[in-house]
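Here is what each chain is made of, one letter per residue.
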Amino acid sequence: MLPFPGGIESLQNGLLIFSAAASLLYLFIIPQPAALKRAVIKTFAIALLACAALAGGGPIVLIIALSLACAGDFLLALDGDEMFQAGLSSFLLAQIALVFLFVGQYDDEPMRWTSQPWRILLAALCAGHSAYLTQILWRELPRELGAQIIAYALVITVMALFALAYAPLTVLAGVTLFYVSDTLIAHERFLMDGEVNKHPVISPMIWITYYLAQALIVVGVLH
């Protein structure tokens, strides 16, 4: 069952199908060496989600967040610490855009914590895990990179807390997967031995959780 009205002939559904196909293709080329082709395919999957959001009249701040994520995806798919830091900065701005999206999208709704207390528990777990992971990374990383990582962790945690307070379940599922994906990236890149994007389980899981996160956020917001 397709998420948008109009069936397979719908522009939004068509863009979503092609996006999912590009995502599946990227899943199979993750083990390959960093190259322009891999970066383009990775970026194309999220760019098509941005096009679907645009075609559906989605909020401009959602389009901005997805566009920044596309830039981050492209940079992170290339080799080098400089590319990683630039990609991280792009995703930091994307997370800030999502904060503004949730504040603007749901500011007239009651805080869901009052009717769904499980959200408070998840918020506490999220904040606690972020604090635990960042203090480990602060010890392991050079100070400049550590400061950038902590800034990103703070922003994504704030984004998750806003989602837990206000967002409907589809969007919340996407945000949760986003948080899981970034946690896996931190473990793979900084806390595990071996080459980045070479772990046979972690690397595909990062992409699967990340792509599903973006797709669920788009579908949830547009509904």
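Everything discussed here concerns the structure shown above.
Note that this is a predicted model, so its numbers are computed, not measured.

A. Summary view of the packing of aromatic side chains. Applying the stated criterion across every chain yields a total of 6 aromatic pairs. Here W207 and Y210 contribute two aromatic rings whose centre-to-centre distance is 5.7 Å and whose plane-to-plane angle is 45°, an arrangement assigned as tilted. Taken as a pair, W207 and Y210 lie in helix α8 (residues 202-222) at a separation of 3 residues, close to a single helical turn. For W207, a relative accessible area of 4% corresponds to the buried category. Just above the ring of F84 sits the side chain of R189; from NZ or CZ to the centre is 3.9 Å.

B. Inspection of a nonpolar patch on the surface at higher detail. A contiguous nonpolar surface patch, about 490 Å² in accessible area, is contributed by W118, L121, L122, L125 and L169. It is helix α5 (residues 118-140) that provides the largest number of residues to the nonpolar patch, a total of 4 residues. Here L122 lies in helix α5.

C. How the structure looks around helix α2 (residues 36-55). Over its 20 residues, α2 extends 28 Å from the first C-alpha to the last, a length consistent with the 28 Å expected when each residue adds 1.5 Å. Most pronounced at F44, the bend in α2 amounts to some 25°. Inspection of α2 places R38, A39, I41, K42, T43, A45, I46, L48, L49, A50, A52 and A53 among the buried residues, and these make up the whole buried set. Those residues of α2 hidden inside the fold are in contact with α1 (11-29), α3 (60-76) and α8.

D. Main features of the environment of V171. Along the polypeptide, V171 turns up in helix α7 (residues 169-191). According to the relative accessible area criterion, V171 is buried, its value standing at 0%. Placed 69 residues apart in sequence, V171 and F102 show a C-alpha to C-alpha distance of 9.6 Å. The residues contacting V171, other than those within four sequence positions of it, are F102, Y106, L216, I217, G220 and V221.

E. The side chain of S23, seen in detail. If you trace the backbone, S23 turns up in helix α1. Looking at S23, the relative accessible area reads 8%, which means it is buried.

F. Geometry of the nonpolar core. The biggest cluster of nonpolar side chains holds 60 residues, and the ones touching the most others in it are I46, F102, I149, V175 and F178. At the level of elements, α1, α2, α3, α4 (81-106), α5, α6 (143-166), α7 and α8 are the ones that each hand at least two residues to this core. Sorting elements by how many residues they give to this core places α6 first, with 10 residues.

Scoring rules and cut-offs
Within any chain, residue numbers begin from 1 and follow the written order of that chain's sequence. Where local features are concerned, this predicted model is filtered to residues with pLDDT of at least 70; where side-chain atom pairs are given and counted, the filter is 80 or more; whole-chain, interface and lining totals use all residues. To get the side-chain values, all heavy atoms of the structure are used, and hydrogens and water are removed first. Pairing of aromatic side chains here covers Phe, Tyr and the six-membered ring of Trp, requires ring centres within 6.5 Å, and sorts the geometry by plane angle: under 30 degrees stacked, over 60 edge-to-face, intermediate tilted. Under the DSSP-based scheme used, a helix requires at least four consecutive residues in state H or I and a strand at least two consecutive residues in state E, with every element numbered from the N terminus. The buried label goes to any residue with under 20% of its type's maximum accessible area, the exposed label to any with over 50%, and the partly exposed label to all in between, with areas taken from a 1.4 Å probe on protein chains only. To sit over a ring, a charge needs its Lys NZ or Arg CZ within 6 Å of the ring centre and within 35 degrees of the ring normal. Residues enter patches when they are more than 30% accessible in relative terms and free of salt bridges; like-charged ones are connected within 9 Å and nonpolar ones (Val, Leu, Ile, Met, Phe, Trp, Tyr) within 5 Å. Here the Shrake-Rupley method, with its probe set to 1.4 Å, supplies the accessible areas, and only the displayed protein chains count as covering residues. Salt bridge, as applied in this entry: a Lys or Arg side-chain nitrogen positioned within 4 Å of an Asp or Glu carboxyl oxygen. Here the expected length of a helix is defined as 1.5 Å per residue gap, with one fewer gap than residues. Fitting one axis to the seven residues ending at a residue and another to the seven starting there, the bend at that residue is the angle between the two axes. Two residues form a contact once any of their heavy atoms are found within 4.5 Å. By nonpolar core is meant a set of buried Ala, Val, Leu, Ile, Met, Phe, Trp, Tyr and Cys residues that side-chain atoms within 4.5 Å join together.

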